[in-house]
Amino acid sequence: MTKVLTVGEILVEIVATTRGDGFREAQPLIGPFPSGSPAIFIDQVGKLGTPCAILSRVGADDFGQVNLDRLAADGVDISGVSVAPGEATGSAFVRYREDGSRAFIFNIANSACGRLDATPEGDALIDTCGHMHLMGTALSAPGLAARALEAMERIKAKGGTLSFDPNLRPEILDTPGLRPALDRVLAQTDLFLPSGDEIFLFTAACDEAGAVADLLARGVRDIVIKRGAQGASHFDAKGRTDAAPIAVEEIDPTGAGDSFGGAFVSFWLAGAPPATALAYANAAGARAVTKLGPMEGTSTRAELDALITPVQGH
Ligand code: ADP
């Protein structure tokens, strides 16, 4: 089975438990929860039994250990994670505004992970992987971005595949060099997983059908558009498939897209028809929002089957 690699931030997240216009109002805060978009993605891949690994860097602290213990327990190869004494594991703080939207404070660029560099263990790990999943946040710090792009080029050069989730939060849009890096990634992408309107950052087309047609013509093989509580759609040269949202109680939306991506990539790599991969990914995203904490809602195959069976008869 193809082994999946992702590169990027391993964080802990501290979560506000009430809504408010500032962290002083949104009290109390709870955590630390294991987090980081690539970490959540790869945890979901590992939980589905697909061989997988993450290339990252954490401080020699409890926050790093909280993550590494979870990832290892869920089947993720963590041999490419360096532990840096004297440095801090990244952190994120999230609160909910009165309208339900989220506000984040990230501490990634100055964390151990932002200084990811080449190591012999990392190089050996890259060589064992045949698929790379890249997320926009992995391009938000210079050392991290350089390593992510290097891993991507190496895996593609030996005939591997690339999935790309732009995951472009407002906080990272001003990163120097981000635009050329995104274009370089898209040019190599086989499976593209944008959320909502993100696709329009990668095309001059002004409607969704035009944007999809443009990207397919430029060599992207599969496009999956995530639509939050509206479900998701898959497009390829054969046409379009939609997944209606699964009715769930939304407790915490953080991590839905990452869990969705982890499930889609696992089924896609296993050769499942796009409609099947989409159904499982849609279930993984739906289940993710029912749990407080970004990585707490990743799912096993049995947990996804329990959501899908009554809805779609799989
Ligand atoms: P991202 O976090 O990348 O913006 P989304 O919020 O679009 O991703 O969520 C990813 C997927 O998870 C959606 O396309 C959908 O399949 C599922 N999902 C997200 N929120 C809900 C919800 N409230 N109810 C049901 N499914 C959801």
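Under an unreviewed UniProt entry, the name given to the chain is Sugar kinase, and the organism recorded is Cereibacter changlensis JA139. Quoted verbatim from the Sequence similarities (unreviewed entry) field of the UniProt record, the comment on the chain reads "Belongs to the carbohydrate kinase PfkB family."

A.B. asks: Can you lay out the overall build of the chain for me, pointing to particular residues and giving the numbers?
C.D. replies: What the chain contains, in helices and strands, is nine helices and 13 strands. Scaling as 2.2 N^0.38, a compact globule of 314 residues should have a C-alpha radius of gyration of about 20 Å, and the chain matches this with 18 Å. Taking the principal axes of the C-alpha coordinates as reference, the chain spans close to 50 × 45 × 40 Å. Counting across all 314 residues of the chain, residues that qualify as buried make up 56%. For the chain, the proportion of contacts with a sequence separation of at least 24, taken over those separated by at least 6, is 72%. Accessible surface computed for the chain: about 12300 Å², of which carbon and sulfur atoms make up 54%.

A.B. asks: Tell me about the packing of aromatic side chains, residues and numbers included.
C.D. replies: Each aromatic ring pair is summarised here by two numbers: the centre-to-centre distance and the angle between the ring planes. Enumeration according to the criterion identifies six aromatic pairs in this entry. Ring geometry for F23 versus F93: centroids 6.3 Å apart, planes at 85°, classification edge-to-face. Of this pair, F23 sits in the loop between strand 2 (11-19) and strand 3 (29-35) while F93 sits in strand 6 (residues 90-96), placing them 70 residues apart in sequence. When the centroid spacing of 5.1 Å and the interplanar angle of 10° are considered together, the rings of F104 and F106 count as stacked. For F104, a relative accessible area of 15% puts it in the buried group. Note on F106: relative accessible area 22%, which makes it partly exposed. Geometry around F23 places R95 over its ring, the cationic atom sitting 5.7 Å from the centre. A cation sits over an aromatic face here: R179 above F202, 5.3 Å from the ring centre.

A.B. asks: Explain the environment of D190 to me, and be specific about the residues and the numbers.
C.D. replies: Mapped onto the secondary structure, D190 falls in the loop between helix 5 (178-186) and strand 10 (191-192). For D190 and L162, which are 28 residues apart along the polypeptide, the C-alpha to C-alpha distance reads 5.4 Å. Leaving out residues up to four positions away in the same chain, D190 has contacts with K156, G160, T161, L162, V220, R221, D222 and W268.

A.B. asks: Before we move on, can you summarise the site of the ligand with the specific residues and values?
C.D. replies: Neighbouring the ligand are 17 residues; S195, G228, G231, E250 and N282 lie closest to it. Take G231: an N or O atom from its main chain is 2.7 Å from an oxygen atom of the ligand. Listed by contribution, the elements that provide at least two residues to the shell around the ligand are helix 7 (256-269) and helix 8 (274-288). Per-class residue counts for the shell around the ligand are eight nonpolar, six polar and three charged.

A.B. asks: Requested: an account of helix 5, with residues and values cited.
C.D. replies: Turn by turn, an α-helix covers 3.6 residues, leaving residues three or four places apart pointing in a common direction. Among the residues making up helix 5, those that are buried are L178, A181, L182, V185 and L186. For helix 5, the buried positions fall inside an angular range of 135° around the axis, keeping them on one side. If you follow the buried residues of helix 5, they end up packed against strand 8 (131-135), helix 4 (142-157), strand 9 (161-165), strand 10 and helix 6 (208-217).

Here is what the cut-offs are and how they apply
- Residues numbered from 1 in each chain as written.
- Predicted model: local features only at pLDDT ≥ 70, side-chain atom pairs only at ≥ 80, totals over all residues.
- Heavy atoms only, no water.
- UniProt positions renumbered as here; feature names shortened; annotations may be inferred.
- Helix = DSSP H or I, 4+ residues; strand = E, 2+ residues; numbered from the N terminus.
- Rg over C-alpha atoms; globule rule 2.2 N^0.38 Å.
- Buried < 20%, exposed > 50% of the residue type's maximum accessible area, 1.4 Å probe, protein only.
- Contact = heavy atoms within 4.5 Å.
- Areas by Shrake-Rupley, 256 points an atom, 1.4 Å probe, with all protein chains shown as cover.
- Phe/Tyr/Trp six-rings, centres within 6.5 Å; stacked < 30°, edge-to-face > 60°.
- Lys NZ or Arg CZ within 6 Å of the ring centre and 35° of its normal.
- Near = heavy atom within 4 Å.
- Polar contact = N/O pair within 3.5 Å; in protein donor to acceptor, adjacent residues only side chain to side chain.
- Nonpolar A, V, L, I, M, F, W, Y, C, P; charged D, E, K, R; others polar.
- Arc of directions from axis to C-beta.

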